[in-house]
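What follows is the residue order along each chain.
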Amino acid sequence: MSEHSHPSASSWFPVFLDLEGRRVLVIGGDEVALRKIRRLHSAAAIVDLVAETLHPGIAELHDGERLHWLGASIANDDLGGHALIVIASADAFTRDRIRAWGEKQGVPVNVVDRLAESSAIVPAVVDRSPLIIAIGSGGQAPELARMIRSRIEKLLPPSIGHLASIAGSLAGRIRSRFPELARRRRFLDWVFNGLPADEVAAGREDHSRALITRALEKDDWSGPGHVSLVGAGPGEPELLTLRALSRIQAADVIVHDGLVDARILDYARRDAEFVDVAKRPGENGVGQDGIHGVLLEHARAGARVVRLKGGDPMVFGRGGEELAFLRANSIAYEVVPGVTAASACAAYAGLPLTQRGMAQSVRLVTAHCERSIDRLDWAALAADYQTLAFYMSVGQLAHIEHQLIAHGRSPDTPVALVENGTRPDQRVAVGELRELAALAREHAISSPAMLFVGEVAALARELGWYGDALLKGRERIPQAVAATG
Ligand code: SAH
């Protein structure tokens, strides 16, 4: 193995070694060795150490019971009975001798940071004991493995280990209560993602265990149906919250509308059921009553339903109506907020929603239908020093332009239209209120788009950072100069 480098990562076979009470030979007495010894000790191994001098940290550990210092070199007689050899630092002669010996005896040898000379490599580890997640890159990119480790660490709350212990201690009962795999999996899904998991996360392991035990005693356990009203954010999948991601990954059924980015749906389980309730132009769509019916049907059947909405479910998302319906039907629910289009589009266009001296407040306004737009308090909306963030405004721009100017907002108030905010095809058009409708027409701005009105909109010209499509309104002054000159 040492003669050639490893051709591909796939020649590494991942395995967990039980080192409890077993001897491991460590060569080297420096800080690297110290780290390895600590890890070996946390796996309850007994360490035989060969080193000329000892790092003070190692000297502290040296208790003669779990750490034996054999001195600066090792006689062949001392070799043997080791489950693993870790060479942290050694002169080339010692290293080669120990390696050759290990190879002959079939003992795995890890030479720290030397892939080609190792027959065992130590992965990056997320420790949520008894749950251990090991990440290896076949030695090709240890930094990447470490990065992935920290991502996984963020996804897995420290309490998940306790949950694994509880499930482990009840495994036999769960198996005999649900011999059939599909039902057992649904039960374990509930244990790992439902109330029992929440109880463990809150530090109430006893409650969690009691809940599971009670559920096991019930004859008719079908799993409590549950609806999560989840904000999917504006498009960019990394703008999902961690909780949104875990709910999507655990869902049996995902009821989503048209604004939800397809890349986000890819996070769902492969066998999850998708119900598209998008309202499309020219079609009637399922309608709000239809959506309620779909949620009820699946929740009553015991499914974990994710009602996935673009942006934040409580901002122009009819979230309130759906919650009221679920409450009226005694279906348990929760709400997972998302990044709403106003803040996402502002962030990705580089325009602050508030700014000293420019805007002290932000208003989220819907420009959706004729009737609601006529009922808007235009005089209040036309006031200075505020930012207006209009949702669903693409068909109403001429009306908005006219009303705001008629009610006293200056015609040269900056405006910005952000189309497909946070998505790869995002476009930002900046101009003035007097040319709002023309600006959108000129650049064929289409839905979904956010309209921002206020001094801050002009800042997108200087502060925009995402994508390269900054579209401008007519630059009236230079054009006038060009016309005369
Ligand atoms: N609940 C959603 C809003 C739903 S209303 C939220 O909190 O964002 C739908 C409107 O949201 C669209 O007409 C558009 O104005 C806006 N919108 C949603 N996603 C958008 C995006 N990626 N870019 C621009 N506007 C978006």
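No experiment lies behind these values; they were computed from the predicted model shown. (Residues numbered from 1 in each chain as written. Predicted model: local features only at pLDDT ≥ 70, side-chain atom pairs only at ≥ 80, totals over all residues. Heavy atoms only, no water.)

A short note on the overall build of the chain
Here comes step 1: The helix and strand tally for the chain stands at 20 helices and 18 strands.
Here comes step 2: A globule of 485 residues ought to have a C-alpha radius of gyration of about 23 Å, yet the chain, at 31 Å, is considerably larger.
Here comes step 3: The principal-axis extent of the C-alpha atoms belonging to the chain is close to 95 × 75 × 40 Å.
Here comes step 4: Every one of the 485 residues in the chain was classed for burial, and the buried ones make up 44%.
Here comes step 5: Sequence-distant contacts, at least 24 apart, represent 65% of the contacts inside the chain between residues at least 6 apart.
Here comes step 6: Accessible area for the chain stands at about 25,200 Å²; split by element, carbon and sulfur atoms hold 53% of it.
Here comes step 7: When the 54 positive and 60 negative side-chain charges of the chain are each reduced to one mean point, those points stand 3 Å apart. (Helix = DSSP H or I, 4+ residues; strand = E, 2+ residues; numbered from the N terminus. Rg over C-alpha atoms; globule rule 2.2 N^0.38 Å. Buried < 20%, exposed > 50% of the residue type's maximum accessible area, 1.4 Å probe, protein only. Contact = heavy atoms within 4.5 Å. Areas by Shrake-Rupley, 256 points an atom, 1.4 Å probe, with all protein chains shown as cover. Lys, Arg positive; Asp, Glu negative; His and termini not counted. Charge placed at Lys NZ, Arg CZ, Asp CG, Glu CD.)

Considering the layout of surface pockets
Here comes step 1: In this structure, the second largest pocket spans a volume of roughly 1,300 Å³.
Here comes step 2: In terms of lining residues, the second largest pocket is bounded by 41 residues, among which L259, K279, F316, M392 and S447 are the most central.
Here comes step 3: Those elements giving two or more residues to the lining of the second largest pocket turn out to be α12 (287–300), β11 (304–309), α14 (341–349) and β17 (449–453).
Here comes step 4: Within the lining of the second largest pocket, the residues separate by chemical class into 18 nonpolar, 14 polar and nine charged. (1 Å grid on protein atoms, 1.4 Å probe; cavity = no way out; pocket = protein on both sides within 12 Å on 5 of 7 lines; lining within 4 Å. Points joined across faces, edges and corners; volume = space filled by probe spheres on them. Nonpolar A, V, L, I, M, F, W, Y, C, P; charged D, E, K, R; others polar.)

Here's the deal with the site of the ligand
Here comes step 1: Surveying the vicinity of the ligand reveals 18 residues, the closest of which are D312, V315, T340, G421 and A449.
Here comes step 2: Residue T340 places a side-chain N or O atom 2.6 Å away from an oxygen atom belonging to the ligand.
Here comes step 3: Within the backbone of A449, a nitrogen or oxygen atom sits 2.7 Å from an oxygen atom of the ligand.
Here comes step 4: Computed on the free molecule, the ligand has an accessible area of 550 Å², of which 93% lies beneath the protein chains in the complex.
Here comes step 5: Among the cavities detected, the one that contains the ligand is the second largest pocket. (Near = heavy atom within 4 Å. Polar contact = N/O pair within 3.5 Å; in protein donor to acceptor, adjacent residues only side chain to side chain. Sits in = over half its atoms within 2 Å of the grid points.)

What to know about the sheet that holds β17
Here comes step 1: Taken in spatial order, the six strands of this open sheet run β13-β14-β17-β15-β16-β18, and their pairing is mixed. Sheet topology places β13 (361–366) and β18 (470–472) at the edges, where each strand pairs with a single neighbour. Recorded for the sheet is a direction-independent mean angle of 20 degrees between the axes of neighbouring strands.
Here comes step 2: Relative to β18, strand β16 (residues 427–432) runs parallel, the two being bridged by three bridges. When the bridges of β18 are listed, A429 appears paired with L471. (Pairing = 2+ DSSP bridges. Axes fitted to C-alpha atoms, helices over the stretch in contact; angles between N-to-C directions.)

Some thoughts on the nonpolar core
Here comes step 1: Among the nonpolar cores identified, the biggest contains 22 residues, and F390, I400, L404, L417, L436 and L451 are the most heavily contacted of them.
Here comes step 2: Once residues lying within four places of it in the same chain are set aside, the contact partners of F390 are V365, A367, L376, W378, I400, L404, A449, M450, L451 and V453.
Here comes step 3: The next biggest cluster of nonpolar side chains, apart from the first, holds 20 residues, and it includes L34, L49, V86 and A88. (Core = buried A, V, L, I, M, F, W, Y, C linked by side-chain atoms within 4.5 Å.)

Re the pattern of salt bridges
Here comes step 1: Tallied over the entire structure, the rule returns 23 salt bridges.
Here comes step 2: In this structure, R95 engages E117 in a salt bridge whose closest nitrogen and oxygen atoms are separated by 3.3 Å. Linking R95 in helix α3 (residues 92–105) with E117 in the loop between β5 (109–111) and β6 (124–128), this pair joins segments that are 22 residues apart in sequence.
Here comes step 3: The shortest N-O distance in the salt bridge between R434 and E432 comes to 2.9 Å.
Here comes step 4: One salt-bridge network, in which partners are shared between bridges, spans R185, D189, D252, R269, D271 and R304. (Salt bridge = Lys/Arg side-chain N within 4 Å of Asp/Glu carboxyl O.)

Focus on the side chain of T413
Here comes step 1: By secondary structure assignment, the location of T413 is in the loop between α17 (397–406) and β15 (414–419).
Here comes step 2: Residues within four places of T413 in sequence aside, it is in contact with G431, E432, L433, V453, G454 and E455.

So, unusual backbone geometry
Here comes step 1: Looking along the chain, the bond that leaves S129 and enters P130 is cis, with omega of 5 degrees.
Here comes step 2: A cis amide bond links S447 to the next residue, P448, at an omega of 0 degrees.
Here comes step 3: As for its position among the elements, P448 is in the loop between α18 (436–442) and β17.
Here comes step 4: Positive phi, close to 70 degrees, is recorded for T422, a residue that is not glycine.
Here comes step 5: With respect to the helices and strands, T422 occurs in the loop between β15 and β16.

Remarks on the sheet that holds strand β3 (residues 67–69)
Here comes step 1: Pairing in this open sheet of five strands is parallel, and the strands run β3-β2-β1-β4-β5 from one edge to the other. Since the sheet does not close on itself, it has two edges, and those belong to β3 and β5, each with one partner. The sheet shows a mean angle of 20 degrees between the axes of neighbouring strands, taken without regard to direction.
Here comes step 2: Relative to the sheet, α3 contacts β1 (23–27), β4 (82–87) and β5, its axis offset from that of β4 by approximately 155 degrees.

Some words on helix α13 (residues 319–328)
Here comes step 1: Among the residues of α13, those classed as buried are G319, E322, L323 and L326. Considered in projection along α13, the buried side chains sweep an arc of 100 degrees and stay on one side of the axis.
Here comes step 2: Contacts from the buried residues of α13 go to β8 (226–231), α12, β11 and β12 (332–336).
Here comes step 3: Following α13 by one or two positions, S330 adopts a phi angle in the positive range, close to 55 degrees. (Arc of directions from axis to C-beta.)

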